[in-house]
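Okay, here's what each chain looks like letter by letter:
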Amino acid sequence: MRDLLCSPLPMLLFLLQPWETQLQFAGPRCRSGPLDLVFVIDSSRSVRPFEFETMRQFLVGLLRGLDVGPNATRVGVIQYSSQVQSVFPLGAFSRREDMERAIRALVPLAQGTMTGLAIQYAMNVAFSVAEGARPPEARVPRIAVIVTDGRPQDRVAEVAAQARARGIEIYAVGVQRADVGSLRAMASPPLDEHVFLVESFDLIQEFGLQFQGRLCARDLCNGVDHGCEFQCVSEGLSYHCLCPEGQQLQADGKSCNRCREGHVDLVLLVDGSKSVRPQNFELVKRFVNQIVDFLDVSPEGTRVGLVQFSSRVRTEFPLGRYGTAAEVKQAVLAVEYMERGTMTGLALRHMVEHSFSEAQGARPRALNVPRVGLVFTDGRSQDDISVWAARAKEEGIVMYAVGVGKAVEEELRQIASEPAELHVSYSPDFGTMTHLLENLRGSICPEEGIGPGTELRSPCECESLVEFQGRTLGALERLTQNLAQLTARLEDLENQLATQK
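Every value quoted in this text rests on a predicted model; they were computed, and no experiment measured them. (Residues numbered from 1 in each chain as written. Predicted model: local features only at pLDDT ≥ 70, side-chain atom pairs only at ≥ 80, totals over all residues. Heavy atoms only, no water.)

S.K.: So what about the overall build of the protein chain? Which residues, and what values?
M.R.: The helix and strand inventory of the protein chain stands at 19 helices and 14 strands. By the burial criterion, 49% of the 501 residues in the protein chain qualify as buried. Across the protein chain, contacts joining residues at least 24 apart in sequence account for 74% of those joining residues at least 6 apart. When the accessible surface of the protein chain is split by element, carbon and sulfur atoms take 52% of a total near 24300 Å². (Helix = DSSP H or I, 4+ residues; strand = E, 2+ residues; numbered from the N terminus. Buried < 20%, exposed > 50% of the residue type's maximum accessible area, 1.4 Å probe, protein only. Contact = heavy atoms within 4.5 Å. Areas by Shrake-Rupley, 256 points an atom, 1.4 Å probe, with all protein chains shown as cover.)

Below you can see the structure in the form of structure tokens.
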């Protein structure tokens, strides 16, 4: 294909072909394994008639590059403006010809641009089993392709996050006047693979070619039981497994290493103030989930709670609610952005008084499970933090502070435990904060700690008291020996000084 496009004449012939044959020209039909694919098409009044015709032909051409069938790729199409209309659901057609006929008969709605409403419809209706989607237990990938030419007239970040949390992979395709921030707020990570911006509808086939190539790259991972713990990546006729940033692939080539200490009660305080902005809040949630990836989340291992704060404080989920990393990550993606002010002191008070209580799922102090608080903020607090930052440490909570952008170093140090170099992290902007992960991993995941196989017992039990007494006496004996050695050295030093005089 590269040699073909490098020659002027074939390239010209390629561009002169009808739209519905151009994507076929890219190669043989892609057999990507079973997929549930829904196109979400903007048909607002800003899309001119000839542009809508171009989009229609683009859909037809893309269909001809797919392996369509009841047991292969099922396709649905919805269009939206101020309302949402199902052109045909996933279960309606099994023949490509019937789909093309429905697309050619499509009449644009020509009203507003309610993209959030369309995503809500896709999530709740278009990808439902009743509409023809395969059930979740079948593990058939669900993909939504959103094509829009303007700025949404409603909010998209929260509903898109909910859709992604339900397992829908979202591609956001912007044409001409499309708002890049909205595209990034809608799309699945990594954004450079799921956000496309083209200058005109005439160039939308570029996305079609890349999208078809990505579907074809799914073949092996979708067709085999790869066993990858985190992510499977196809490479021609082979595949390999990847781990989240900060984790290493283990000897089996499939599993990823996690925190060794296993037992921690971790509460994350996330700044949801207005200065963060919706698209950056999505990056914060992604960052939080990357932290979750290196934790051994379970009722007996690490428990995770999340609190969001702005002018008020809201517990998104307490320590005792979720027992697996997957559940925690899904809950994080579903968190809705609060906006407004930055009351960090109020959030710290909430954490101390409520988040680490047994009623919220924290384990009793008698079990000596480490309590860790991680505060994420992008600016100066609008209330005093000193009292409750100090109180948190007095209560035995190990505090970490992560600052981004205009975060104040003095406040970060005041929040964090000592030494500051181990408990304070900073990134100049949201897009580059992933480099902080390794530092946090090294701090939150010490080389030695309470292992997953360690039995947690109350120190009030007889056996535990005997064991504690033995450890304490041993430590005191070593301390006595060290003091004796130090005393001897001081006496020797005094004798040397006396001799010099």
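We are not done yet, so read on.
S.K.: Give me the pattern of salt bridges: which residues, what numbers.
M.R.: According to the stated counting rule, one finds 17 salt bridges in the structure shown. Its salt-bridge partner being R95, residue D98 comes within 3.1 Å of it at the nearest N-O pair. What makes D98 buried here is its relative accessible area of 18%. In this structure R95 comes out as partly exposed when scored by relative accessible area, which is 44%. Each member of the salt-bridge network shares a partner with another, and the members are R95, D98 and R101. (Salt bridge = Lys/Arg side-chain N within 4 Å of Asp/Glu carboxyl O.)

S.K.: So what about the side chain of S310? Which residues, and what values?
M.R.: Within the secondary structure, S310 sits in the loop between strand 10 (302-309) and strand 11 (313-317). Overall, the relative accessible area of 2% leaves S310 in the buried class. Polar contacts involving the side chain of S310 include one to the main-chain carbonyl oxygen of E339, which spans 3.0 Å. (Polar contact = N/O pair within 3.5 Å; in protein donor to acceptor, adjacent residues only side chain to side chain.)

S.K.: Please set out the sheet that holds strand 2 (residues 73-80) residue by residue, giving values where relevant.
M.R.: Ordered by their spatial adjacency, six strands build an open sheet running 3-2-1-4-5-6, and the pairing between neighbours is mixed. Each edge of the open sheet is held by one strand with a lone partner, namely strand 3 (84-88) and strand 6 (195-198). Neighbour-to-neighbour, the strand axes of this sheet turn through a mean angle of 20°, independent of strand direction. Relative to strand 6, strand 5 (residues 168-175) is paired through four bridges, and the arrangement is parallel. Paired with V175 across the strands is V198, a residue of strand 6. (Pairing = 2+ DSSP bridges. Axes fitted to C-alpha atoms, helices over the stretch in contact; angles between N-to-C directions.)

S.K.: Let's hear about the sheet that holds strand 12 (residues 371-377): which residues, and what values?
M.R.: The strand order across the open sheet formed by six strands is 11-10-9-12-13-14, and the pairing between neighbours is mixed. Because the sheet does not close on itself, it has two edges, and the strands there are strand 11 and strand 14 (424-427). Geometrically, the sheet is characterised by an average inter-axis angle of 20° between neighbouring strands, direction not taken into account. With eight bridges connecting them, strand 9 (residues 264-271) and strand 10 associate as parallel partners. When the sheet's bridge partners are listed, L268 is paired in strand 10 with L306.

S.K.: Explain a nonpolar patch on the surface to me, and be specific about the residues and the numbers.
M.R.: Together, L490, L493 and L497 make up a nonpolar patch on the protein surface, roughly 270 Å² of accessible area in all. Note that L490 resides in helix 19 (residues 462-500). (Patch = residues over 30% accessible without salt bridge, like charges linked within 9 Å, V, L, I, M, F, W, Y side chains within 5 Å.)

S.K.: I'd love a proper account of the packing of aromatic side chains, names of residues and values included.
M.R.: The tally for this structure, following the rule as stated, stands at four aromatic pairs. Geometrically, the ring pair formed by F287 and F376 is tilted, given 5.8 Å between the ring centres and 50° between the ring planes. In this pair, F287 sits in helix 12 (residues 278-293) while F376 sits in strand 12, placing the two residues 89 residues apart along the sequence. Across the pair, F376 and F287 agree in class, each one buried. (Phe/Tyr/Trp six-rings, centres within 6.5 Å; stacked < 30°, edge-to-face > 60°.)

S.K.: Provide a residue-level description of the environment of D149, including the pertinent values.
M.R.: Within the fold, D149 resides in the loop between strand 4 (142-148) and helix 7 (157-165). For D149, a relative accessible area of 0% gives the class buried. Taking the C-alpha atoms as reference points, D149 and V198, separated by 49 residues in sequence, lie 9.7 Å from one another. A polar atom in the side chain of D149 sits 2.9 Å from the side chain of S46.

S.K.: Which residues make up helix 4 (residues 49-63), and what are the values?
M.R.: Compared with the 21 Å implied by 1.5 Å per residue over 15 residues, the 21 Å span of helix 4 between its first and last C-alpha is a close match. Of all 15 residues in helix 4, 11 are buried; the element is thus mostly enclosed. Along helix 4, the residues that are buried comprise E51, F52, T54, M55, R56, F58, L59, V60, G61, L62 and L63. (Expected span 1.5 Å × (residues − 1).)

S.K.: Report on unusual backbone geometry, specifying residues and quantitative values.
M.R.: In this chain, P189 is followed by P190 through a cis amide linkage whose omega measures -10°. For P190, the location among the structural elements is in the loop between helix 8 (180-186) and helix 9 (191-194). The residue after E418, namely P419, is reached through a cis peptide bond having omega -5°. A positive phi angle, close to 55°, is found at A110, a residue other than glycine. Locating A110 in the fold gives a position in the loop between helix 5 (96-104) and helix 6 (115-126). Residue classification places A110 among the partly exposed positions, given a relative accessible area of 42%. Its identity is not glycine, yet R139 carries a phi of approximately 55°, on the positive side. One can find R139 in the loop between helix 6 and strand 4.

S.K.: Give me the packing of helix 6 against helix 7: which residues, what numbers.
M.R.: At a minimum axis distance of 9 Å, the contact between helix 6 and helix 7 shows a crossing angle of 20°. Classified by the angle their axes make, helix 6 and helix 7 are roughly parallel. Regarding helix 6 and helix 7, the two cross each other, and that crossing is left-handed. Residues G116, I119, Q120 and M123 of helix 6 touch helix 7, and the partners they reach there are V159, A160, Q162 and A163. (Parallel < 35°, antiparallel > 145°, perpendicular 65-115°, else oblique. Left-handed = near helix turned anticlockwise from the far one by under 90°.)

S.K.: An account of the pairing of strand 13 (residues 397-404) is requested, with residue identities and associated values reported.
M.R.: Among the eight residues in strand 13, seven count as buried, and that is most of the element. The sheet contact formed by strand 12 and strand 13 spans seven bridges and is parallel. Its bridge partner being in strand 13, V375 is matched across the sheet by A401. At this point the chain moves from strand 12, through helix 15 (residues 386-394), to the parallel strand 13, and the crossover so formed is right-handed. (Right-handed = clockwise from strand over helix to strand, strands pointing away.)

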